[in-house]
Amino acid sequence: SQEAPIIYSFGDKSPDANMTLYNILVQQMASTVHAKMASNKKVSVSGAIINTCGWVMGDGYKSLTHIAQSFEVDLIIVLDQERLYNDLVQDIPFIRVVYLPKSGGVVTRPRSVRAIDRDERIRRYFYGLKTKFHPHTFDVKYSQLKIFKIGAPQLPASCMPCDMKVDDHRTKIVPVEPGESL
């Protein structure tokens, strides 16, 4: 449906918990957005605004450039981070990058306040003030419950048979036994 939101659950608050999985989800989301734009002219001409997290150093920077390339963006607006602006202009010259300084009187909120605000926005996104999406419960027999996690311990290549290669342990789906430790 055209009204259905596109939702991908990463399962953590920070991309650095599993960058491989995060980049796979970004690529999948970009593919879904491209398909939606190709199938609907209104969606296509409206474009998209991508609000990324504030992590801009190291893997965070690589993630920003990956997002820009996956979504094939044509404009990046950098708010009050001159170094990030200069790095982006140098590293991805085929994308227009615009620098905007903070308006006078703007104060950076502490991390704890930003975390509370993020959690509230997630809650409002799914449950909203007035929305057709409402939380509900249902019962499942314990014997039918299956729990999985993404990510497994890394095995050294020396533990593998000669003709096998090591799978990416960061995206491996592993069953989890339900118990008190969960």
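Residues numbered from 1 in each chain as written. Predicted model: local features only at pLDDT ≥ 70, side-chain atom pairs only at ≥ 80, totals over all residues. Heavy atoms only, no water.

Concerning unusual backbone geometry
The backbone of E72 sits at a positive phi, close to 55 degrees, despite the residue not being glycine. Mapped onto the elements of the fold, E72 is located in the loop between α3 (59-70) and β1 (75-79). A relative accessible area of 60% places E72 in the exposed class. One non-glycine residue, D80, lies in the positive phi region at around 55 degrees. (Helix = DSSP H or I, 4+ residues; strand = E, 2+ residues; numbered from the N terminus. Buried < 20%, exposed > 50% of the residue type's maximum accessible area, 1.4 Å probe, protein only.)

Quick look at the packing of aromatic side chains
All chains considered together, the criterion is met by two aromatic pairs. Geometrically, the ring pair formed by F10 and Y22 is edge-to-face, given 5.5 Å between the ring centres and 80 degrees between the ring planes. Here Y22 lies in helix α1 (residues 19-39) and F10 lies in the segment before α1, a separation of twelve residues in the sequence. According to the relative accessible area criterion, F10 is buried, its value standing at 18%. (Phe/Tyr/Trp six-rings, centres within 6.5 Å; stacked < 30°, edge-to-face > 60°.)

Without other data, these values stay purely geometric and don't point to any function.
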